[in-house]
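Spelled out from the first residue to the last, the chains are:
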Amino acid sequence: MRAQMKEGLGFVLGEKSLRAITISTALSNLAITVLLSMQMLFLTQDLGLTPGAVGAVLALSSVGGLLGALTAGRCAQWIGPARAIWLIPLVISPVALVVPLAEPGRLTVLCVLGLALRAYGTTVFNVSYRQAICPRRLLGRVNATVRFITWGAMPVGGLLGGVLGGWIGVRATLWVSCSALALTSLPLLLSPLRTLREFPAVQEEEVASLT
């Protein structure tokens, strides 16, 4: 099993674009989890929303993810699947910065807008590059490696959010998380994805050089 884990890790770290996607996703999950750890406190304490209003905000915010699922394929065809991976986060992620600007009353809509667009961008971003370029025999261990790295960032984000919330306050923590989220596309911009429109094909015999 150690040999299989090493092979999966070697492929993820050896394929430059996949490595960039994995790093960007891990950073995004870290920042988003910091945001989510403060979300309920922000809605109830800072914005003074009732339980029903909180439910409405969360429901409206989730519409972004639904729209992303419905339009992801068309968006990838329009601008190219490889280009969509870096361009969508570059455009959408900074919009999260409007969330800490929300105030009680009409400006609550800024929170809804920021969360909805963040959900939209996350859904469209999740075009499976690794399924397109990974040899079938490695797909299971590559998926496991990517998920271990990207999902492993989430409990760290929850802990970090709690520490920051107690130290600098809820709104300031949102500023930190949303600012970090706005920068998560940088690894993608520094990768070969920036020059691609379509996914490259990796042949089985190329795996040895990546591992």
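Residues numbered from 1 in each chain as written. Predicted model: local features only at pLDDT ≥ 70, side-chain atom pairs only at ≥ 80, totals over all residues. Heavy atoms only, no water.

Q: Explain the packing of helix 2 (residues 16-46) against helix 8 (residues 170-182) here, please?
A: Running from amino to carboxyl end, helix 2 crosses helix 8 at an angle of 150 degrees, the nearest separation of the two axes being 8 Å. On the basis of their axis angle, the class for helix 2 and helix 8 is roughly antiparallel. Every pair of crossing elements has a handedness; the one defined by helix 2 and helix 8 is left-handed. On helix 8, the residues that touch Ser28, Ala31, Ile32, Val34, Leu35, Met38, Leu41, Phe42 and Asp46 of helix 2 are Val170, Arg171, Thr173, Leu174, Ser177, Cys178, Ala180 and Leu181. (Axes fitted to C-alpha atoms, helices over the stretch in contact; angles between N-to-C directions. Helix = DSSP H or I, 4+ residues; strand = E, 2+ residues; numbered from the N terminus. Parallel < 35°, antiparallel > 145°, perpendicular 65-115°, else oblique. Left-handed = near helix turned anticlockwise from the far one by under 90°. Contact = heavy atoms within 4.5 Å.)

Q: Would you mind showing me how to read the pattern of salt bridges here?
A: As a working rule, side chains carrying opposite charge can pair if their charged atoms are close by. Within this structure, the stated rule accounts for four salt bridges. In this structure, Glu7 engages Arg137 in a salt bridge whose closest nitrogen and oxygen atoms are separated by 3.0 Å. Of this pair, Glu7 sits in helix 1 (residues 2-14) while Arg137 sits in helix 7 (residues 136-168), and the two are 130 residues apart along the sequence. Look at Arg137 and you get partly exposed, because its relative accessible area is 44%. Across the salt bridge formed by Arg171 and Glu103, the nearest N and O atoms sit 3.7 Å from each other. A residue pair is termed long-range when its members are at least 10 positions apart, and Arg171 in helix 8 and Glu103 in the loop between helix 4 (81-92) and helix 5 (108-125) qualify at 68 residues. Residue Glu103 is classed as partly exposed on the basis of its relative accessible area, which comes to 34%. A single salt-bridge network, built from bridges that share partners, covers Glu7, Arg137 and Arg141. (Salt bridge = Lys/Arg side-chain N within 4 Å of Asp/Glu carboxyl O. Buried < 20%, exposed > 50% of the residue type's maximum accessible area, 1.4 Å probe, protein only.)

Q: Please explain the layout of surface pockets as it appears in this structure.
A: Any empty space left between the atoms is revealed when a probe the size of a water molecule rolls over them. Of the pockets and cavities examined, the second largest pocket occupies roughly 170 Å³. Met5, Leu9, Arg141, Ala144, Thr145, Phe148 and Ile149 are the residues that line the second largest pocket. Elements supplying a minimum of two residues to the lining of the second largest pocket: helix 1 and helix 7. For the lining of the second largest pocket, the element with the highest residue contribution is helix 7, accounting for five residues. Of the residues assigned to the lining of the second largest pocket, the class counts are five nonpolar, one polar and one charged. (1 Å grid on protein atoms, 1.4 Å probe; cavity = no way out; pocket = protein on both sides within 12 Å on 5 of 7 lines; lining within 4 Å. Points joined across faces, edges and corners; volume = space filled by probe spheres on them. Nonpolar A, V, L, I, M, F, W, Y, C, P; charged D, E, K, R; others polar.)

Q: Is there a simple way to think about the environment of Ala76 in this case?
A: Tracing the backbone shows Ala76 in helix 3 (residues 51-79). Between the alpha carbons of Ala76 and Ile88 there is a distance of 9.8 Å; along the sequence they are 12 residues apart. Residue contacts for Ala76: discarding those within four places in its chain leaves Pro81 and Ala84.

Q: In this structure, what is going on with helix 3? I would like to understand it.
A: Every α-helix winds through 3.6 residues per turn, so residues three or four apart in the chain are directed the same way. In a regular helix each residue adds 1.5 Å, so 29 residues correspond to 42 Å; helix 3 covers 40 Å between its end C-alpha atoms and thus fits that length. At Thr71, helix 3 is bent by approximately 50 degrees, the largest bend along its length. Among the residues making up helix 3, those that are buried are Val54, Val57, Ser61, Gly64, Gly65, Gly68, Ala72, Cys75, Ala76 and Ile79. Where helix 3 terminates, the next one or two residues include Gly80, which has phi positive at roughly 100 degrees. (Expected span 1.5 Å × (residues − 1). Bend = angle between axes of the 7 residues up to and from the residue.)

Q: What am I meant to see in a nonpolar patch on the surface here?
A: A cluster of nonpolar side chains, namely Leu60, Val63, Leu66, Leu67 and Leu70, defines an oily patch on the protein surface of about 480 Å² accessible area. The topology assignment puts Val63 in helix 3. A residue is classified by how much of its surface remains accessible, and Val63, at 37% relative accessible area, is partly exposed. (Patch = residues over 30% accessible without salt bridge, like charges linked within 9 Å, V, L, I, M, F, W, Y side chains within 5 Å. Areas by Shrake-Rupley, 256 points an atom, 1.4 Å probe, with all protein chains shown as cover.)

Q: Please explain the nonpolar core as it appears in this structure.
A: With 20 residues, the main nonpolar core has Phe42, Leu43, Leu47, Leu49, Val99, Cys111 and Leu174 as its most contacted residues. Counting residues per element, the ones that place at least two in this core are helix 2, helix 3, helix 5 and helix 8. At six residues, the largest contribution of residues to this core is made by helix 2. The contacts of Val99, once residues within four sequence positions are left out, are Phe42, Leu110, Cys111, Gly114, Leu115, Leu174 and Cys178. The next biggest cluster of nonpolar side chains, apart from the first, holds 17 residues, and it includes Val12, Ala20, Val142 and Leu189. (Core = buried A, V, L, I, M, F, W, Y, C linked by side-chain atoms within 4.5 Å.)

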